[in-house]
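# Fold and geometry: a report
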Amino acid sequence: MEITNVTEYEAIAKQKLPKMVFDYYASGAEDQWTLKENREAFSRILFRPRILIDVSRIDMTTTVLGFKISMPIMIAPTAMQKMAHPEGEYATARAASAAGTIMTLSSWATSSVEEVASTGPGIRFFQLYVYKDRHVVAQLVRRAERAGFKAIALTVDTPRLGRREADIKNRFTLPPFLTLKNFEGLDLGKMDKADDSGLASYVAGQIDRTLSWKDVKWLQTITTMPILVKGVLTAEDTRLAIQSGAAGIIVSNHGARQLDYVPATITALEEVVKAAQGRVPVFLDGGVRRGTDVFKALALGASGIFIGRPVVFSLAAAGEAGIRNVLQMLRDEFELTMALSGCTSLKEITRSHIVTEADRNRPLPRL
């Protein structure tokens, strides 16, 4: 079957993967309303394309925290990628590097920071969960820094794991031949079978529920890497993140896997962008499946977007080649959207290029 868009990989992954693994990657929390809304909210944003503009040359390059990348499409942290494919995070790192973009490695990766660094050059960020044992956290951050990682994406929306009913039904646990590689040797890499979700039990035992804004400041004392706060959905928390020294914000609802009935990330984005007032870059993570989605996020003020599920589904379907294809398809679609909207560079993508639901509910000014 010829793959013509990113979403087609999900059906292939569903056929290839064990049910427990596919459900872990694909499902959301509780009623999965936010999971559906992460996609559907994009469909309610319409374009206002401009015409008769010379679009023979289009520049998609941008910089993120000072690092130049080929396009504003980056890879989000997704855990345990070797469940999808034996190459796991190695394949993802190589595909991101080949595409000239950033990969974010999950704390809960099935490959260590050192192993991912060994795949060759590339700009890599490290996603961090804060464990109860702060020595473990400090050690892990230093290892990431030594391995050449360039930033920390601090996940702040997971003091407890959301209620993922598919994982409870499946008694989800990491397959016995895999471990959480970054915690091997610390007796923290094992996930035991439990009466519900093994991951939920693991989180309850290890992750620090006392995490607060002061810890964002604490992290800055143990690393020179800039810190992106991942999991912000409100103006209030945006302002607190900036006050706490965050170098950037990732608007994320954890792929709709934490609190159900929070807004789609594309819906929350503009509120966060307005509160940030240009003081730090704001990124979007969640629901992106098309180049048109990337354009809409940038029109609402995002500096770039992160993709998660398309990476693990394409990895499961076709390994490294699948991820390369996903990145290329999104790049091509985004370039086409820019051309058909009359934009030749990212700075030309403005709020006037789109109409949101909120705009449509306002009376039009009379000419």
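Model, not experiment: these values are computed from the prediction. (Residues numbered from 1 in each chain as written. Predicted model: local features only at pLDDT ≥ 70, side-chain atom pairs only at ≥ 80, totals over all residues. Heavy atoms only, no water.)

Attention now goes to the packing of aromatic side chains. In total, this model carries nine aromatic pairs according to the counting rule given. A ring pair is formed by W33 and Y261, whose centres lie 5.5 Å apart and whose planes are at 15 degrees; its orientation type is stacked. Of this pair, W33 sits in helix α3 (residues 33-43) while Y261 sits in the loop between β9 (248-252) and α11 (265-276), placing them 228 residues apart in sequence. Using a relative accessible area of 35% as the deciding quantity, one classes W33 as partly exposed. Centroid distance F283 to F306: 6.0 Å. Interplanar angle 75 degrees. Geometry classified as edge-to-face. In this pair, F283 sits in strand β10 (residues 282-285) while F306 sits in strand β11 (residues 304-307), placing the two residues 23 residues apart along the sequence. Relative accessible area serves as the criterion here: at 2%, F306 is assigned to the buried category. Each residue in the set Y24, Y25 and F172 is aromatic and connected to the rest through ring pairs, giving one cluster. (Phe/Tyr/Trp six-rings, centres within 6.5 Å; stacked < 30°, edge-to-face > 60°. Helix = DSSP H or I, 4+ residues; strand = E, 2+ residues; numbered from the N terminus. Buried < 20%, exposed > 50% of the residue type's maximum accessible area, 1.4 Å probe, protein only.)

What follows covers the nonpolar core. Burial of nonpolar side chains together is a common tendency in soluble globular proteins. Grouped together as the largest cluster of nonpolar side chains are 103 residues, with contacts concentrated most on L128, I266 and F334. In terms of residue count, helix α13 (residues 309-341) provides more of this core than any other element does, 13 residues in total. Beyond its immediate chain neighbours, meaning those up to four positions away, L128 contacts S107, V137, L140, V141, I152, A153, L154, T155 and L219. (Core = buried A, V, L, I, M, F, W, Y, C linked by side-chain atoms within 4.5 Å. Contact = heavy atoms within 4.5 Å.)

Another point: the pairing of strand β7 (residues 151-155). Among the five residues in β7, five count as buried, and that is most of the element. Every second residue of β7 is oriented toward a common face, with A151, A153 and T155 on one face and I152 and L154 on the other, all of them buried. Taken together, the four bridges between strand β6 (residues 124-128) and β7 define a ladder with parallel strand orientation. Bridging from a neighbouring strand, L128 pairs with L154 of β7. One ladder, built from four bridges, connects β7 with strand β8 (residues 227-232); its direction is parallel. What sits directly across from T155, in β8, is K230. (Pairing = 2+ DSSP bridges.)

On to α13. Counted at 1.5 Å a residue, the expected span for α13 with its 33 residues is 48 Å, but the 27 Å between its end C-alpha atoms falls short. At A318, α13 is bent by approximately 135 degrees, the largest bend along its length. Among the residues trailing α13, G342 stands out with phi positive, at a value near 85 degrees. (Expected span 1.5 Å × (residues − 1). Bend = angle between axes of the 7 residues up to and from the residue.)

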